[in-house]
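Now for the letters of each chain:
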Amino acid sequence: MRNKIKKGSVVIVLDLGTSAFKCGLVSDALNIVAACKHDVQLQKHSGLIEIDFEAAIQTCSALIRHIIGEAAAKRCRPEALIITSQAQTFVPVDRDFKPMITGISWLDTRAGDEADFLSQSIKNIPLKMGYRRPSPMLYSSKLLWLKNYLPEIYRRAHAFPLLNEFIVQKLTGEFYTDYTNFGMTGMLDIGGRELN
């Protein structure tokens, strides 16, 4: 990171943590120049753990605006926005990238039966998924749960973005994924770089 940041410049770092979203202004020497945070309200009910993605983008926008104000007060101009994410939290979205249900947290373990099914159905799991065994917390297990229990939502969904992918799309209008994020989901054949 240090080689990519111009001397004397700053970047905005947005950390989408499980318990709080944090935003900071970081110098090229990796010093925190300014910081703010907002606690995350996970919705827990009937054994499910969910997060409101619309509230998440509002919170992130407010944090970024605050940090941009701090940057202006310190007479510095951020060069980039860097985003970290909380594991495999995701939501099905429609073509307008509007959430179709409440987001499913990575902590949620609703997909136990689906994880067992994947374990029995996929050969060479470590080579195919990068995991010793699919977990109920895994994106691919919960995506199968969604297909089984909310088939209409699953069928109509345009995409199933991770939290950081959703935030970036809302900030930029661009939808992306990368090998690190997608590789964590169990959906990517890491060796073959193709869908499982």
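As the structure is a computational prediction, the values presented were derived from the model and not from experiment. (Residues numbered from 1 in each chain as written. Predicted model: local features only at pLDDT ≥ 70, side-chain atom pairs only at ≥ 80, totals over all residues. Heavy atoms only, no water.)

**Observations regarding the packing of aromatic side chains**
- Within the structure shown, the criterion is met by six aromatic pairs.
- Ring centres of phenylalanine 90 and tyrosine 139 lie 4.6 Å apart, and the angle between their planes is 55°; this geometry places the pair in the tilted category. Residue phenylalanine 90 is located in the loop between β6 (78–84) and β7 (103–104), and its partner tyrosine 139 is located in helix α4 (residues 139–149); the two are separated by 49 residues in the primary sequence.
- Each ring, one from tryptophan 145 and one from tyrosine 149, has its centre 5.2 Å from the other, and the planes form 25°; the classification is stacked. One end of the pair is tryptophan 145 and the other is tyrosine 149, both in helix α4 and four residues apart, which spans about a single turn.
- Here the aromatic cluster, defined as three or more aromatic residues joined through ring pairs, consists of Phe53, Phe97, Phe166 and Phe175.
- The residue whose ring lies beneath arginine 110 is tryptophan 145, and the NZ or CZ to ring-centre distance is 4.5 Å. (Phe/Tyr/Trp six-rings, centres within 6.5 Å; stacked < 30°, edge-to-face > 60°. Helix = DSSP H or I, 4+ residues; strand = E, 2+ residues; numbered from the N terminus. Lys NZ or Arg CZ within 6 Å of the ring centre and 35° of its normal.)

**Here we look at the packing of helix α2 (residues 112–121) against α4**
- Orientation of α2 relative to α4, taken along the N-to-C sense of each, is 115°, at an axis distance of 8 Å. By the angle between their directions, the pair α2 and α4 is classed as roughly perpendicular. Between α2 and α4 lies a crossing of right-handed hand. For the pair α2 and α4, the contacting residues are Glu114, Ala115, Phe117 and Leu118 in the first and Ser140, Ser141, Leu144, Trp145, Asn148 and Tyr149 in the second. (Axes fitted to C-alpha atoms, helices over the stretch in contact; angles between N-to-C directions. Parallel < 35°, antiparallel > 145°, perpendicular 65-115°, else oblique. Left-handed = near helix turned anticlockwise from the far one by under 90°. Contact = heavy atoms within 4.5 Å.)

**Details of the sheet that holds strand β3 (residues 32–39)**
- As summarised here, the arrangement of the four strands in space is β3-β2-β1-β6, forming an open sheet in which the pairing is mixed. Edge positions in the sheet fall to β3 and β6, since each has one partner strand and no second. The mean inter-strand angle of the sheet, taken between neighbouring strand axes irrespective of direction, is 15°.
- When strand β2 (residues 20–27) meets β3, the two strands line up antiparallel, connected through seven bridges. Bridge pairing links alanine 20 to aspartate 39 in β3.
- Seen against the sheet, helix α1 (residues 53–73) touches β1 (10–16), β2, β3 and β6 and runs at an angle of roughly 25° to β2. (Pairing = 2+ DSSP bridges.)

**Details of the layout of surface pockets**
- Here the largest pocket defines a volume of roughly 210 Å³.
- Lining the largest pocket are Leu118, Ile122, Met129, Ser140, Leu143, Leu144, Lys147, Tyr154, Gly186, Met187 and Asn196.
- The biggest single contributor to the lining of the largest pocket is α4, with four residues.
- Each residue belonging to the lining of the largest pocket can be placed in one class, and the counts come to seven nonpolar, three polar and one charged. (1 Å grid on protein atoms, 1.4 Å probe; cavity = no way out; pocket = protein on both sides within 12 Å on 5 of 7 lines; lining within 4 Å. Points joined across faces, edges and corners; volume = space filled by probe spheres on them. Nonpolar A, V, L, I, M, F, W, Y, C, P; charged D, E, K, R; others polar.)

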